[in-house]
Amino acid sequence: MQSPSLPQLALTILTIDFLRYALAAGTVWLLVEVMFGRRLAGRRILDGVRQPGQIKRELTYSLSTVLIFATNGLLVWLLASVGTLKIYSDLASRGWAWWWLSLVLMIVAHDAYFYWTHRWLHQRRWFRTVHGRHHASLHPTPWAAYAFHPVEALVQAAFMPLFLLAVPIHSGAILVFLIHMIVRNAVGHCAHELMPWGWTRSRWAGWITPVSHHHFHHARNRGNFGLYFTWWDRWCGTEDAEYLHYGNARFG
């Protein structure tokens, strides 16, 4: 079979990245805002009102991010094809145990990378010129999942090639990671608490960030820099405990 040309490959990667964003954000929007909007009214966080033009702005920045992520994906593919990055396709060469372990490592590493780059972007200079674009949505929608300034999109895109320089991972595990990342992002910006609130008090599930964790970050801009887990915020004293007090009163 003939290998695709570079333009064909670039178009394929761009289409996949666009569909990944559009399907995840669109599905969460459809479920939370349209199909189950009335049933979930009591789960809305802070009852915030969206600003005029907010969704249009979220879509515009997210589509810019899709383009940057797709360009990064093309770079990753090219570097992997010459052996610079450690992506393999033969599952039998490393087995299922490493497949799952490498996926977990990637998610945990991404959470750490996001926490520290996110804190860095909250420095006054970078917040004013870069990260503030994302925070323009005080009460975001799922369409804000990728609503990043281009500089922030580049910072976040850098995680994948950096991780793959050090850790070999199966192409299928990368696909699962990318789906997990966009789904968690879309849900985390849906402005409704979808997680059973009792989990926040659970010894086993209390380390998973509920939607309120990131929503309070948008609405109050006081800590809660983590993405998937609460570990770094708690270890570094940056957790805004108000989201827990609020959730206990409203959802608990």
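The structure under discussion appears in the preceding block.
Residues numbered from 1 in each chain as written. Predicted model: local features only at pLDDT ≥ 70, side-chain atom pairs only at ≥ 80, totals over all residues. Heavy atoms only, no water.

Chemist: Could you clarify how one ought to interpret the packing of helix α2 (residues 54–81) against helix α5 (residues 150–157) in this entry?
Modeler: How two helices pack is summed up by the angle between their axes together with the distance between the axes. α5 packs onto α2 with a crossing angle of 35 degrees between their chain directions and a minimal axis gap of 9 Å. Crossing hand, α2 versus α5: right-handed. Between α2, through Ser-64, Thr-65, Ile-68, Phe-69 and Asn-72, and α5, the contact on the second element is made entirely by Pro-150, Ala-153, Leu-154, Gln-156 and Ala-157. Partitioning the contact of α2 with α5 into residue classes produces six nonpolar, four polar and no charged. (Axes fitted to C-alpha atoms, helices over the stretch in contact; angles between N-to-C directions. Helix = DSSP H or I, 4+ residues; strand = E, 2+ residues; numbered from the N terminus. Left-handed = near helix turned anticlockwise from the far one by under 90°. Contact = heavy atoms within 4.5 Å. Nonpolar A, V, L, I, M, F, W, Y, C, P; charged D, E, K, R; others polar.)

Chemist: Is there a simple way to explain the side chain of His-213 in this structure?
Modeler: Locating His-213 in the fold gives a position in helix α8 (residues 211–220). Here His-213 falls in the buried class, since its relative accessible area comes to 0%. Among all residues touching His-213, those that are not within four sequence positions of it are Asn-224, Phe-225, Gly-226, Thr-230, Asp-233 and Tyr-243. (Buried < 20%, exposed > 50% of the residue type's maximum accessible area, 1.4 Å probe, protein only.)

Chemist: Is there a simple way to think about the packing of aromatic side chains in this case?
Modeler: Here a ring pair, both rings aromatic, is described through the centre-centre distance and the interplanar angle of the planes. Enumeration according to the criterion identifies 25 aromatic pairs in this entry. Relative to Tyr-246, the ring of Phe-216 lies with its centre 5.4 Å away and its plane at 55 degrees, an arrangement referred to as tilted. Here Tyr-246 lies in helix α10 (residues 242–250) and Phe-216 lies in helix α8, a separation of 30 residues in the sequence. Among the residues examined, Phe-216 registers a relative accessible area of 3% and is labelled buried. Classification of Tyr-246 by relative accessible area gives buried; the value is 18%. In this structure an aromatic cluster arises from ring pairing among Tyr-115, Trp-116, Trp-207, Phe-225, Tyr-228, Phe-229, Trp-231, Trp-232 and Trp-235. (Phe/Tyr/Trp six-rings, centres within 6.5 Å; stacked < 30°, edge-to-face > 60°.)

Chemist: Where do I start with the layout of surface pockets in this structure?
Modeler: Using a probe with the size of a water molecule, rolled over the atoms, empty space left in the structure can be pinpointed. Size it by volume and the largest pocket reaches roughly 710 Å³. Around the largest pocket, the lining comprises 31 residues; the ones closest to its centre are Gly-73, Val-76, Met-160, Ile-174 and Leu-178. For the lining of the largest pocket, the secondary-structure elements that each account for two or more residues are α1 (6–35), α2, α3 (95–121), α5, α6 (159–166) and α7 (171–188). Looking at which element gives the most residues to the lining of the largest pocket, the answer is α7, with eight residues. Per-class residue counts for the lining of the largest pocket are 20 nonpolar, nine polar and two charged. If you add up the space inside the second largest pocket, you get close to 290 Å³. Around the second largest pocket, the lining comprises 22 residues; the ones closest to its centre are Arg-184, Val-187, Gly-188, Thr-209 and Pro-210. (1 Å grid on protein atoms, 1.4 Å probe; cavity = no way out; pocket = protein on both sides within 12 Å on 5 of 7 lines; lining within 4 Å. Points joined across faces, edges and corners; volume = space filled by probe spheres on them.)

Chemist: Any chance you could explain the environment of Val-104 here in plain terms?
Modeler: Along the polypeptide, Val-104 turns up in helix α3. Relative accessible area serves as the criterion here: at 46%, Val-104 is assigned to the partly exposed category.

Chemist: Looking at this structure, I do not really get the pattern of salt bridges. What am I missing?
Modeler: In a structure, side chains of opposite charge can pair up when their charged atoms sit close to one another. Summed over the entire model, instances satisfying the criterion amount to five salt bridges. Between Asp-240 and Arg-220 there is a salt bridge, with its nearest N and O atoms 2.7 Å apart. Taken as a pair, Asp-240 in the loop between α9 (231–235) and α10 and Arg-220 in helix α8 lie far apart in primary sequence, 20 residues in all. Taking relative accessible area as the criterion, Arg-220 reaches 29% and is therefore assigned partly exposed. Ionic pairing is found between Glu-239 and Arg-234, a salt bridge with its closest N-O pair at 3.0 Å. Judged by its relative accessible area of 39%, Arg-234 is partly exposed. (Salt bridge = Lys/Arg side-chain N within 4 Å of Asp/Glu carboxyl O.)

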